[in-house]
Amino acid sequence: MPSNDARTLLLTAVPTAAVGVIATVVSGVVAGGKGALGAVVGTAVVLLFMGIGLVVLQRTAKKLPQLFQAMGLMLYTAQLLVLFIFLALLKDTSAFDFKAFAFTLLATTIVWVAAQARAYMKAKIMYVEPDKTGPKS
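Keep in mind that this is a model prediction, so the values were computed, not measured.

### As for the overall build of the chain
Helix and strand counts for the chain stand at three helices and zero strands. Each helix and strand of the chain, placed in order from N terminus to C terminus, yields the pattern α-α-α. Looking at the chain as a whole, 28% of its 137 residues are labelled buried. Sequence separation of 24 or more characterises 75% of the internal contacts of the chain that already satisfy a separation of 6 or more. For the chain, the exposed surface amounts to about 9,000 Å²; the carbon and sulfur share of it is 72%.

In structure tokens, the structure reads:
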């Protein structure tokens, strides 16, 4: 993974994980062990789905730069749809507290998107790649 990509992943995953830890503590205090478990599962789901999406988006940008914007919009829409489907499937679970899971999922998703936007705004990515082969004689 190139350094810009790794930096972007780091700048998005760390704040998301931090919010997940805070949500786990709060959920544990409010809803007990099942609440903490729900928050951990919610954080893990967001980190997994959004992390995979970021890697896919970065690879698409490298291979097919003309599709980057369309792929980004499609990817974010698909990620949110999958998260909503995940919420619907686990609505009646008794393995963990669903409210803690849902609120953690929402909070960490918002933090991920905001951190990713900030990481892209702060990144110093060249718009034009220099010639890799050098001057031709």
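### Remarks on helix α2 (residues 68-89)
The terminal C-alpha atoms of α2, which comprises 22 residues, lie 31 Å apart, in line with the 32 Å expected from a rise of 1.5 Å per residue. Within the sequence span of α2, burial applies to Gly 72, Leu 75, Gln 79, Leu 83 and Leu 87. Taken around the axis of α2, the buried residues stretch over an arc of 105°, which confines them to a single face. The exposed residues of α2 that point more than 90 degrees off its buried face are Leu 73, Thr 77, Leu 81, Phe 84, Ala 88 and Leu 89.

### Things to note about the nonpolar core
One finds Val 45, Val 46, Met 50, Leu 54, Leu 83, Leu 87, Phe 96, Phe 101, Leu 105 and Trp 112 forming the largest nonpolar core, which totals ten residues. Those elements giving two or more residues to this core turn out to be α1 (3-63), α2 and α3 (98-122). For this core, the element with the most residues is α1, which contributes four residues. Excluding anything up to four places from it in sequence, Met 50 contacts Gln 79, Leu 83, Thr 109 and Trp 112.

Reading the values: rules and limits
- Residues numbered from 1 in each chain as written.
- Predicted model: local features only at pLDDT ≥ 70, side-chain atom pairs only at ≥ 80, totals over all residues.
- Heavy atoms only, no water.
- Helix = DSSP H or I, 4+ residues; strand = E, 2+ residues; numbered from the N terminus.
- Buried < 20%, exposed > 50% of the residue type's maximum accessible area, 1.4 Å probe, protein only.
- Contact = heavy atoms within 4.5 Å.
- Areas by Shrake-Rupley, 256 points an atom, 1.4 Å probe, with all protein chains shown as cover.
- Expected span 1.5 Å × (residues − 1).
- Arc of directions from axis to C-beta.
- Core = buried A, V, L, I, M, F, W, Y, C linked by side-chain atoms within 4.5 Å.

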